[in-house]
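If you want the building blocks of each chain, they are given just below.
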Amino acid sequence: MDRIQELLMKKNQLMAIMQMMDRDASFDTEEGRVYAQYLVRTTLIQLEIDELNKEKAAQ
């Protein structure tokens, strides 16, 4: 499977989980920390997708 497709699937999974969580939870709670971790992962995945798209466009 294409790497971009894999990343998009993972991003969609993380976003679905995040929608069920409390985005206003304090970082002092477990849910707040987990939400922040998922947000960071989602952002890193999007950055990798953008980089792969740039590489494809340059070719």
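Residues numbered from 1 in each chain as written. Predicted model: local features only at pLDDT ≥ 70, side-chain atom pairs only at ≥ 80, totals over all residues. Heavy atoms only, no water.

### Description of the pattern of salt bridges
Rules: We define a salt bridge as a side-chain nitrogen of Lys or Arg found within 4 Å of a carboxyl oxygen belonging to Asp or Glu. Strands here mean DSSP runs of E at least two residues long; helices mean DSSP runs of H or I at least four residues long; both are numbered from the N terminus. Exposure categories follow from relative accessible area, calculated using a 1.4 Å probe and restricted to protein chains: below 20% of the type maximum is buried, above 50% is exposed, and the middle band is partly exposed.
A complete count under the given rule lists 4 salt bridges for this structure. Here E30 and R33 are joined by a salt bridge, their closest N and O atoms 3.2 Å apart. With E30 and R33 both in helix α2 (residues 30-58) and 3 residues apart, this pair spans about one turn of that helix. Given the relative accessible area of 51%, E30 is considered exposed. According to the relative accessible area criterion, R33 is partly exposed, its value standing at 38%. Look at the salt bridges and you will find they share partners, linking R3, E6 and E48 into a network.

### Some words on the environment of T42
How we decide: Contacts are residue-level and defined by heavy atoms, with any inter-residue pair within 4.5 Å sufficient.
Secondary-structure assignment places T42 in helix α2. Taking the C-alpha atoms as reference points, T42 and I4, 38 residues apart in sequence, are found 13 Å from one another. Beyond its immediate stretch of four places on either side in the chain, T42 contacts K11, L14, M15 and M18.

### Describing the side chain of K11
The cut-off we apply is this: Counting rule for charge: Lys and Arg are taken as positive, Asp and Glu as negative, and neither His nor the chain ends is counted. The term polar contact refers here to a pair of N or O atoms within 3.5 Å; inside protein, the definition further demands a hydrogen-donor-capable atom paired with an acceptor-capable atom, and it admits residues adjacent in sequence only when both atoms are side-chain atoms.
With respect to the helices and strands, K11 occurs in helix α1 (residues 3-20). Look at K11: it is buried, it has no salt bridge, and the nearest opposite charge is D50 at 7.3 Å. A distance of 2.3 Å separates polar atoms of two side chains, one belonging to K11 and the other to Q46. The contacts of K11, once residues within four sequence positions are left out, are T42, I45 and Q46.

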